[in-house]
Amino acid sequence: MTPIRDLPRRDAWLAVRRGLGLLCPACGKGKILAGYLKPAEQCSSCGEAVGELRADDGPAWATILLVGHLVSPAFFVFVTSDAETGFRAFLFIAAGVIAATLLILPRMKGLFVGLIWASRAGEAKPG
Ligand SMILES: [Zn+2]
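For every chain, the first residue of the written sequence is number 1, and numbering continues from 1 along that sequence. Per-residue local features are limited, in this predicted model, to residues with pLDDT of at least 70; the limit for side-chain atom pairs, both in listing and counting, is 80 or more; totals at the level of whole chains, interfaces and linings are taken over all residues. As a rule here, side-chain values cover all heavy atoms of the structure and leave hydrogens and water aside.

Attention now goes to the coordination of the zinc ion. Protein-derived ligands of the zinc ion are C24 (SG), C27 (SG), C43 (SG) and C46 (SG), with the metal-ligand distances lying across 2.2 to 2.4 Å. Each of the four donor atoms bound to the zinc ion contributes to angles spanning 106 to 113°, and the resulting shape is tetrahedral. Metal coordination here is assigned from N, O and S atoms located within 2.8 Å of the ion, or within 3.2 Å for Na, K and Ca; omission of water means that sites may look incomplete. Counting the intervening residues between successive donors of the zinc ion yields the motif C-x2-C-x15-C-x2-C. Within this pair, whereas C24 is found in the loop between α1 (12-20) and α2 (58-78), its partner C43 is found in the loop between α1 and α2, the two being separated by 19 residues in sequence. Under the classification used here, a metal with four donors is tetrahedral if each angle lies between 85 and 135 degrees, square planar if opposite donors are over 155 degrees apart and the others between 65 and 115, a six-donor metal meeting that same test is octahedral, and anything else is irregular. Numbering of helices and strands runs from the N terminus; a helix is a DSSP stretch of H or I covering at least four residues, while a strand is a stretch of E covering at least two.

In C-alpha cells, the structure reads:
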C-alpha cells in the first residue's frame, strides 16, 4: 500500500469550491448529499466514496460561527429600541438566523467533505 505522502496532491481550493456547490470534490459533477445533510454513499458520476468522508461536528461549528457573526451586530442596533420594536426586530432576526442556518449548513458540510477529500485524511489508517 502506497503511503499517503507519496500519493499525488489534490487541489484543496477546487475541492472546497465543489463542496460549497454540494458537488463531488473529485469530479465536480455528482452530488455528495443524498438528502438535506445525509451523505451519499458514493458519487453518482465518478463513483468516489464520498460517504466515507466524515465531517462530524465541523459543519455545525462553522455554521454557528458564521451565522453568529453575521447576525449578532443586528442585536446591538436594536438594544436601545422600545420593547415593541425590539420584539419585532427579534422575530425578524430569528427568522434570518433560521434561514441562514438552513442555507449555510449543507454548504459547510460540502466544504468540510471537500477539505477532507483533498487532504486524504479519510484515507489515513491507524498504524
Ligand atoms: Zn464524482
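Once the structure has been displayed, the description carries forward.
On to the confidence of the model for the chain. In this model, the chain carries a mean pLDDT of 91, and residues with pLDDT of at least 70 account for 96%. By mean pLDDT, α2 is the weakest element of the chain at 91, and α1 is the strongest at 97. The predictor attaches a confidence to each residue, and that confidence, scored 0 to 100, is pLDDT.

In this model, L22 sits at a positive phi of 65°, which is unusual for a non-glycine residue. When you line up the elements, L22 lands in the loop between α1 and α2. For D56, which is not glycine, the phi dihedral falls at a positive 50°. Note on exposure labels: buried denotes an accessible area under 20% of the residue type's maximum, exposed denotes more than 50%, and partly exposed covers the range between, all computed with a 1.4 Å probe on protein chains only. Take D56: its relative accessible area is 65%, and that puts it in the exposed class.

Of all the positions in α1, only A15, V16 and G19 are classed as buried. Within α1, the buried residues cover an arc of 100° as seen down the axis, which keeps them to one side. Among the exposed residues of α1, those oriented more than 90 degrees off its buried face are W13 and R17. On its buried side, α1 packs onto α3 (83-119). Counting of polar contacts relies on pairs of N or O atoms within 3.5 Å, with two restrictions inside protein: one atom must be capable of donating a hydrogen and the other of accepting it, and residues adjacent in sequence are counted only when both atoms are side-chain atoms. For α1, the N-terminal capping position is held by D11, with its side-chain oxygen 3.1 Å away from the main-chain nitrogen of W13. Arc, as used here, means the arc of the directions from the helix axis to the C-beta atoms. Here, residues are in contact when the closest pair of their heavy atoms is within 4.5 Å.

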